[in-house]
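These are the residues of each chain, in order.
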Amino acid sequence: SLSFKFDLDSSGYILKTIHIYSGDTETQKIKTHKQIHANEFQLIDWNFDGHKDITALSSRGSGGCSYWIWNYSPTSGKYNYNRQLSEYLGLEIDTLNQYIVFHYRAGYPEEIWDSLKYVNNKLQFVKGLYRERYTDSLGNSWVKHTHKKMIQGVLITTVDSSITH
């Protein structure tokens, strides 16, 4: 089994190095120099390959969380930096359906959820929801939902809207 040592600078907000050990032997040293939000590290299987990936909290705020992620490669036995997922504000994981969710909020009026799946180790768009809220010239509050879904390589878009009050 592997163990991990996370080296921070004296401020506690810069992750300098990640050391990976198998027993007493260091098997990998990742020089990172990444700013972190808190001393919060997890092992999460982001690409659903059965291997836990190194996850460090990069930021947390009203727009969601972002992470630094290193995926484990069973072929090399090493962790590789994931550029697609790292630093994306609003990154979420749906472990039940095995979706990576890019969740973007621009406050009350605008919110987007894009759900992607790993297929042959590449992220592919599956479905998305874009919700807009606005008030018309008569003072009616509206919500508009734009649904997108990939069906056999074709992007299908449906839109519905309604007055909320």
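This structure is a prediction, so every number in the text was calculated from the model and none was measured.

A. Fine view of the environment of Val159. Note on placement: Val159 falls in strand E13 (residues 154–163). Here Val159 falls in the exposed class, since its relative accessible area comes to 52%. Spatially, the C-alpha atom of Val159 lies 34 Å from that of Asp45, the residues being 114 residues apart in sequence. Beyond its immediate sequence surroundings of up to four residues, Val159 is in contact with Lys144, His145 and Thr146.

B. Focus on the pattern of salt bridges. According to the stated counting rule, one finds four salt bridges in the structure shown. Linking Asp7 and Lys5 is a salt bridge whose minimum nitrogen-to-oxygen distance equals 3.3 Å. For Arg131, the salt bridge goes to Glu111, with nearest N and O atoms at 2.7 Å. With Arg131 in strand E11 (residues 122–135) and Glu111 in strand E10 (residues 110–119), this residue pair connects regions lying 20 residues apart in the sequence. In terms of burial, Arg131 and Glu111 fall into one category: buried.

C. Summary view of a nonpolar patch on the surface. Among the surface-exposed residues, Ile151, Val154 and Ile156 lie close enough to one another that they form a single nonpolar patch of about 240 Å² accessible area. For Ile151, the position within the fold is in strand E12 (residues 141–151).

D. Spatial organisation of the sheet that holds E11. In spatial order, the strands read E8-E9-E10-E11-E12-E13; together these six strands make up an open sheet with antiparallel pairing. Pairing within the sheet leaves two strands with one partner each, and these edge strands are strand E8 (91–94) and E13. On average, adjacent strands in this sheet sit at an angle of 20° to one another, irrespective of strand direction. Bridge count for E11 against E12 is nine bridges, and the pairing is antiparallel. Note that in E12 the partner of Arg133 across the bridge is Val143.

Thresholds, definitions, all that
Residues numbered from 1 in each chain as written. Predicted model: local features only at pLDDT ≥ 70, side-chain atom pairs only at ≥ 80, totals over all residues. Heavy atoms only, no water. Helix = DSSP H or I, 4+ residues; strand = E, 2+ residues; numbered from the N terminus. Buried < 20%, exposed > 50% of the residue type's maximum accessible area, 1.4 Å probe, protein only. Contact = heavy atoms within 4.5 Å. Salt bridge = Lys/Arg side-chain N within 4 Å of Asp/Glu carboxyl O. Patch = residues over 30% accessible without salt bridge, like charges linked within 9 Å, V, L, I, M, F, W, Y side chains within 5 Å. Areas by Shrake-Rupley, 256 points an atom, 1.4 Å probe, with all protein chains shown as cover. Pairing = 2+ DSSP bridges. Axes fitted to C-alpha atoms, helices over the stretch in contact; angles between N-to-C directions.

Nothing here speaks to function; it is all geometry.
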